[in-house]
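# Results of the structural survey
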Amino acid sequence: MSDSSIPPGRYRHYKGNEYTVVSTARHSETLEEMVVYRQEYGEYGLWVRPKEMFSEKVKVDGQEVPRFQPLASSSENVGENVGESVKNIFDDLPQNLPKEVVQTLIRAADVHIERIISHGHASAPDFWYDQGQAEWVIVLKGAARLQFEDGIVEMNVGDFINIPARKKHRVDWTSPDEPTVWLGVRYGEQASNAR
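Source: prediction; values computed, not measured.

## Comments concerning the side chain of glutamine 39
Here glutamine 39 lies in strand S3 (residues 33-39). If near-sequence neighbours (up to four positions away) are discounted, glutamine 39 is found in contact with Glu18, Tyr19, Tyr44, Gly45 and Trp47.

So, in structure tokens, the structure goes:
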């Protein structure tokens, strides 16, 4: 077992999504140290992972990188705005995108504003979003195609759409030639098991 502590705060997974470490705990039977953390996208679920696995390094493109990289503290994340590290929507775009990245910019009682970065990503063929909140999204860079049960919507720079709560949809295609940067605003009734 490692002696290093895992301080609470924001972390970025090597695949790009952000998480907040809430605390550490011990397994009731084995006494193994575990890290309790919350995803900062989607349904904001709580997860637990062995401390050794949380703090280990993984190989990406032949280089060892931390599985979870701590992010700089910004005034201890005062209030509910958790995206203070991003000052420009195009800042700090991840170079390696094994999967789509969703980063929370602002979270309030019934509004979540997210930056979504895709690069040739699409939903799995049998996967449909069925969210508990309405979502307004705009493409700021790149291009995408959304699929609904009743048709396809092409989206280019500046195009936006409002998706009502519980309207099933999926990402059919995003540009493989450049990152597609979306701004998503989820609002209304809190999502429970939204994604």
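## Here we look at the pairing of strand S1 (residues 9-13)
Extensive coverage of S1 is indicated by the burial of 4 of its 5 residues. Judged from the 4 bridges that link them, S1 and strand S2 (residues 18-26) form a sheet pairing that is antiparallel. When the sheet's bridge partners are listed, tyrosine 11 is paired in S2 with tyrosine 19. In this structure, the hairpin formed by S1 and S2 is closed by a connection of 4 residues, where glycine 16 is found at a positive phi of approximately 115°. Alignment of S1 against strand S7 (residues 68-70), held across 3 bridges, turns out to be antiparallel.

## Examining the layout of surface pockets
Of the volumes computed, that of the largest pocket is approximately 530 Å³. In this structure, the largest pocket is lined by 24 residues; those nearest its centre are Asn17, Tyr41, Lys99, Glu100 and Tyr129. Of the residues assigned to the lining of the largest pocket, the class counts are 11 nonpolar, 7 polar and 6 charged. Shared between two domains, the lining of the largest pocket holds at least three residues of each, these being domain 1 (9-70) and domain 2 (101-187). Roughly 320 Å³ of internal volume is contained in the second largest pocket. In this structure, the second largest pocket is lined by 16 residues; those nearest its centre are Arg12, His13, Tyr14, Lys15 and Asn96. Counting only elements with at least two residues in the lining of the second largest pocket, the list comes to S1 and strand S6 (63-66). Examining the composition of the lining of the second largest pocket, we find that 3 residues originate from one element, S6, more than from any other.

## As for the nonpolar core
Membership of the largest hydrophobic core comes to 22 residues, with the highest contact counts inside it found for Val21, Tyr37, Phe54, Leu146, Met155, Ile161 and Trp182. Where this core is concerned, the elements lending two or more residues are S2, S3, strand S10 (134-141), strand S11 (144-148) and strand S13 (160-163). The element that contributes the greatest number of residues to this core is S11, accounting for 3 residues. Built from parts of two domains, this core gets at least three residues from each of domain 1 (9-70) and domain 2 (101-187). Every residue in contact with valine 21, bar those within four places of it in the chain, is listed here: Ile6, Pro7, Pro8, Gly9, Tyr11, Val35, Val36, Tyr37 and Phe54. Membership of the second largest hydrophobic core comes to 5 residues, among which are Leu93, Leu97, Val101 and Val181.

Thresholds applied
Residues numbered from 1 in each chain as written. Predicted model: local features only at pLDDT ≥ 70, side-chain atom pairs only at ≥ 80, totals over all residues. Heavy atoms only, no water. Helix = DSSP H or I, 4+ residues; strand = E, 2+ residues; numbered from the N terminus. Contact = heavy atoms within 4.5 Å. Buried < 20%, exposed > 50% of the residue type's maximum accessible area, 1.4 Å probe, protein only. Pairing = 2+ DSSP bridges. 1 Å grid on protein atoms, 1.4 Å probe; cavity = no way out; pocket = protein on both sides within 12 Å on 5 of 7 lines; lining within 4 Å. Points joined across faces, edges and corners; volume = space filled by probe spheres on them. Nonpolar A, V, L, I, M, F, W, Y, C, P; charged D, E, K, R; others polar. Domains from an automatic or database assignment. Core = buried A, V, L, I, M, F, W, Y, C linked by side-chain atoms within 4.5 Å.

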